[in-house]
Amino acid sequence: MDLKYNSSRKHVSITVPSKSQVMSPHIKSIDDVIVLGINLSKFNKLTQFFICVFGVFLFYLIYGYLQELIFSVEGFKPFGWYLTLVQFGFYSIFGLVELQLIQDKRRRIPGKTYMIIAFLTVGTMGLSNTSLGYLNYPTQVIFKCCKLIPVMIGGVFIQGKRYNIADVSAALCMSLGLIWFTLADSTIAPNFNLTGVVLISLALCADAVIGNVQEKAMKLHNGSNSEMVLYSFSIGFLYILLGLTCTNGLTPAVTFCSKHPVQTYGYAFLFSLTGYFGISFVLALIKIFGALLAVTVTTGRKAMTIVLSFLFFTKPFTFQYVWSGLLVVLGIFLNVYSKNMDKIRLPSICSVWNKSEERKTRTLSQTV
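Everything in this summary refers to the structure shown in the same document. (Residues numbered from 1 in each chain as written. Predicted model: local features only at pLDDT ≥ 70, side-chain atom pairs only at ≥ 80, totals over all residues. Heavy atoms only, no water.)

### Thoughts on the overall build of the chain
A count of helices and strands for the chain gives 14 helices and four strands. Taking contacts inside the chain between residues at least 6 apart in sequence as the whole, the part at least 24 apart equals 81%. A total of about 21400 Å² of accessible surface is found on the chain, and carbon and sulfur atoms cover 66% of it. (Helix = DSSP H or I, 4+ residues; strand = E, 2+ residues; numbered from the N terminus. Contact = heavy atoms within 4.5 Å. Areas by Shrake-Rupley, 256 points an atom, 1.4 Å probe, with all protein chains shown as cover.)

Rendered as structure tokens:
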């Protein structure tokens with residue numbers, strides 16, 4: 001920005017540079033969306049959508065399959081925290097590599113903020129992974145779909161928020177769906193344990209908080225995604241390492257995994273890599289098409305994950321899973337509708353009734 005002062009006329013002229021002057025020469029457009037080296041901005045909207053949806057489904061379905069596959073290894077279930085340690089280590093490496101590829105490598109977000117985010121990230125992913133030692137994978141996924149419930153409870157008691165009828169109905173549908181799904185699981189699943197429900201519920205609470213903290217930090221300090229990944233996961237790695245060392249949980253896990261390196265470290269690498277790639281496509285989907293479409297796609301992905309879980313891994317099944325799952329999906333739809341009432345206009349009962357009456361009148365007039 002050039003600033004010139006003219007003493008004779010007593011005025012200041014300010015010249016604002018154009019976008020092309022401000023931007024780095026390595027960036028062609030401020031609207032460029034690059035995922036895994038692919039510049040999606042070169043494609044039309046429909047192609048962008050299919051690429052993003054394909055990426056989300058491909059990587060997250062593999063991610064879910066590998067996660068359940070790791071826990072199906074006999075004797076691995078007690079080592080959920082060690083899997084999270086390995087996952088955090090890989091994510092830190094991926095974040096470091098990605099950070100080296102961008103021009104600005106400075107850390108913008110304060111270290112204290114990263115310590116809080118890392119703690120919440122450890123709670124979210126560590127408790128979620130550990131819960132698989134006590135729950136069926138579909139039950140865990142159903143719980144993950146219901147993050148709205150702790151968000152609403154926290155909003156009421158912490159911020160004094162008030163919610164509309166759509167939000168309340170969404171929380172009610174999700175709660176009933178969760179209760180029904182959990183009851184069905186406890187009835188027919190031989191490995192059901194209430195500890196798993198407690199762990200995944202705590203993971204949901206941490207997940208509900210972490211999103212707000214991350215969004216506020218990134219907007220306030222203009223931090224990048226790669227910076228957030230690198231520092232939050234590397235600090236979280238140290239947290240878990242310290243916890244496992246203090247509880248003597250590190251040595252048994254290392255001993256077990258050294259006996260099964262392919263089924264543990266090999267799968268964990270692919271598990272972490274697909275999760276890292278998957279979140280890149282989700283962020284691209286949000287940036288290009290908005291949160292509404294992104295939520296719809298990720299919800300469809302979770303439903304597909306549950307179906308594939310029953311197909312690839314032997315487990316008991318009851319139609320209560322289907323009905324309770326549909327209740328949760330209804331709750332998700334109501335939540336999305338509540339946030340996008342101006343974009344989604346559902347026909348009212350009165351309008352439906354009036355249309356039916358008009359049709360009856362037309363039919364009678366034609367008959368006469």
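### Section: a nonpolar patch on the surface
A surface patch of nonpolar side chains, amounting to about 510 Å² of accessible area, comprises Tyr65, Met304, Val307, Leu311 and Phe312. The greatest single-element share of the nonpolar patch, amounting to four residues, is contributed by helix H12 (residues 291-312). Structurally, Val307 is set in helix H12. Here Val307 falls in the partly exposed class, since its relative accessible area comes to 43%. (Patch = residues over 30% accessible without salt bridge, like charges linked within 9 Å, V, L, I, M, F, W, Y side chains within 5 Å. Salt bridge = Lys/Arg side-chain N within 4 Å of Asp/Glu carboxyl O. Buried < 20%, exposed > 50% of the residue type's maximum accessible area, 1.4 Å probe, protein only.)

### Points about empty space enclosed by the protein
Enumeration according to the criterion identifies one cavity of 30 Å³ or more in this entry. Approximately 30 Å³ is the volume found for the largest cavity. (1 Å grid on protein atoms, 1.4 Å probe; cavity = no way out; pocket = protein on both sides within 12 Å on 5 of 7 lines; lining within 4 Å. Points joined across faces, edges and corners; volume = space filled by probe spheres on them.)

### Thoughts on the packing of aromatic side chains
For any pair of aromatic rings, the description consists of the separation of the ring centres together with the inter-plane angle of the planes. Counted by the stated rule, this structure contains 18 aromatic pairs. Both rings, one in Phe76 and one in Phe79, keep their centres 6.2 Å apart while their planes meet at 70 degrees; by these two values the pair is edge-to-face. Considered together, Phe76 and Phe79 belong to a single accessibility category, that of buried residues. Relative to Tyr276, the ring of Tyr91 lies with its centre 6.0 Å away and its plane at 65 degrees, an arrangement referred to as edge-to-face. You can see Tyr91 sitting in helix H3 (residues 80-100) and its partner Tyr276 sitting in helix H11 (residues 261-289), a full 185 residues away along the chain. Each member of the pair, Tyr91 as well as Tyr276, is classed as buried. Grouped by ring-pair contacts, the aromatic residues Phe88, Phe90, Tyr91, Phe94, Phe233, Phe269 and Tyr276 constitute a single cluster. (Phe/Tyr/Trp six-rings, centres within 6.5 Å; stacked < 30°, edge-to-face > 60°.)

### Digging into helix H5 (residues 137-144)
Counting along an α-helix, one turn takes 3.6 residues, and residues three or four places apart therefore face a common direction. Taking burial as the measure, the eight residues of H5 include seven buried ones, the bulk of the element. Along H5, the residues that are buried comprise Tyr137, Pro138, Thr139, Gln140, Val141, Ile142 and Phe143.

### Description of the nonpolar core
Core analysis: the biggest nonpolar cluster contains 63 residues, and Phe76, Tyr82, Leu83 and Tyr91 have the highest contact counts within it. In terms of residues, this core owes the most to one element, helix H2 (residues 45-71), which gives ten residues. In this structure, Tyr114, Ile117, Ile210 and Met228 belong to the second largest nonpolar core, which totals nine residues. (Core = buried A, V, L, I, M, F, W, Y, C linked by side-chain atoms within 4.5 Å.)

### Looking at unusual backbone geometry
Located in the positive-phi region is Asn248, a residue other than glycine, with phi close to 60 degrees. In this structure, Asn248 sits in the loop between helix H9 (225-246) and helix H10 (250-259). The exposed category is assigned to Asn248, whose relative accessible area is 62%.

### Considering the side chain of Ser92
Among the structural elements, Ser92 can be located in helix H3. Under the relative-accessibility criterion, Ser92 is labelled buried at 11%. Setting aside anything within four residues of it in sequence, one finds Ser92 in contact with Leu230, Phe233 and Ser234.

### Brief notes about the side chain of Gln87
Mapped onto the elements of the fold, Gln87 is located in helix H3. Exposure remark for Gln87: the relative accessible area of 1% places this residue in the buried category. A distance of 3.2 Å separates the side chain of Gln87 from the side chain of Asn129, its partner in a polar contact. Each residue touching Gln87, except ones within four places of it in the same chain, is listed here: Tyr63, Met125, Asn129, Phe271 and Ser272. (Polar contact = N/O pair within 3.5 Å; in protein donor to acceptor, adjacent residues only side chain to side chain.)

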